[in-house]
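Given next are the chains, with one letter for each unit.
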Amino acid sequence: LDPSTVFAATVQGLVASWDGGERWQNFDGLLGRVAVTAVAFHPREPQQVYAYAASPELGFLHSADGGRTWNPLGLFFGPREGAAHLALHPADPKVVYLSTFSADLYRSTDGGRTLQKLVEAGRVLAP
């Protein structure tokens, strides 16, 4: 809701700026201390935020309050895999696309609770 709010995924954790990138601070707790590989706000409902943290306790995460609190969605790819990119459908914040380092692509239509694999290792799977 505030265009000067920016989140960044880093190897040292999720960081945030509330002044357009002038100053940055790590998130509190585990999310501020483990590698975060991807983060995305929904374009029309920016309080809906998704992230992927390289930790079995966290993995794929959702925040319904602009990043103040986070809920793990029960998906962790393992120590050598992670989310490379997250994209949210512009009209529906429950539709999330997640690509991995190994060129897999997943779609969720229920806010990340379940995922359907669309592409594996760069190859489109049969419908």
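What you see is a predicted model; the values in this text were computed from it and never measured.

Chemist: Would you mind going over the sheet that holds strand β3 (residues 25-26) with me for this structure?
Modeler: In a beta sheet, neighbouring strands pair by backbone hydrogen bonds and run either parallel or antiparallel. Pairing within the open sheet is antiparallel, and its three strands lie in the order β1-β2-β3. Single-partner strands in this sheet number two, and they are β1 (6-10) and β3. Of the pairings in the sheet, the one linking strand β2 (residues 13-17) to β3 comprises two bridges and is antiparallel in character. Looking at β3, one finds that Ala-16 is bridged to Gln-25.

Chemist: I would appreciate a short explanation of the nonpolar core in the present structure.
Modeler: A general feature of soluble globular proteins is that nonpolar side chains tend to end up buried together. In terms of nonpolar packing, the biggest core is built from 13 residues, with Phe-7, Leu-14, Phe-27, Leu-31, Ala-53 and Trp-70 touching the most fellow members. Sorting the residues of this core by element identifies β2 and β5 (49-53) as the ones contributing at least two each. Considering every element that reaches this core, the biggest residue donor is β5, with three residues. Sequence-distant contacts of Leu-14, that is, excluding residues within four places in its chain, are made with Phe-7, Ala-8, Ala-9, Gln-25, Asn-26, Phe-27, Leu-31, Gly-32, Val-34, Val-36, Val-39 and Trp-70.

Chemist: What am I meant to see in the side chain of Gln-48 here?
Modeler: Along the chain, Gln-48 falls in the loop between β4 (36-41) and β5. Reaching out from Gln-48, the side chain makes a polar contact with the side chain of His-62 at a distance of 2.6 Å. Those residues within four positions of Gln-48 in sequence are excluded, and the remaining contacts are Ala-40, Phe-41, His-42, His-62, Ser-63, Ala-64, Leu-88 and Pro-93.

Chemist: What am I meant to see in the pairing of strand β10 (residues 105-108) here?
Modeler: Regular strands place their side chains on alternate faces of the sheet. Side-chain alternation along β10 places Tyr-106 and Ser-108 on a buried face and Leu-105 and Arg-107 on a face that remains uncovered. Summarising the sheet, strand β9 (residues 96-100) and β10 pair through four bridges and their orientation is antiparallel. Note on β10: the bridge partner recorded for Leu-98 is Tyr-106. In sequence, β9 turns back onto β10 through a hairpin of four residues, with Ala-103 there showing a positive phi of about 70°. Pairing geometry for β10 and strand β11 (residues 116-120), over three bridges, is antiparallel. If you follow Leu-105 over to β11, its bridge partner there is Val-119.

The rules behind these values
- Residues numbered from 1 in each chain as written.
- Predicted model: local features only at pLDDT ≥ 70, side-chain atom pairs only at ≥ 80, totals over all residues.
- Heavy atoms only, no water.
- Pairing = 2+ DSSP bridges.
- Helix = DSSP H or I, 4+ residues; strand = E, 2+ residues; numbered from the N terminus.
- Core = buried A, V, L, I, M, F, W, Y, C linked by side-chain atoms within 4.5 Å.
- Buried < 20%, exposed > 50% of the residue type's maximum accessible area, 1.4 Å probe, protein only.
- Contact = heavy atoms within 4.5 Å.
- Polar contact = N/O pair within 3.5 Å; in protein donor to acceptor, adjacent residues only side chain to side chain.

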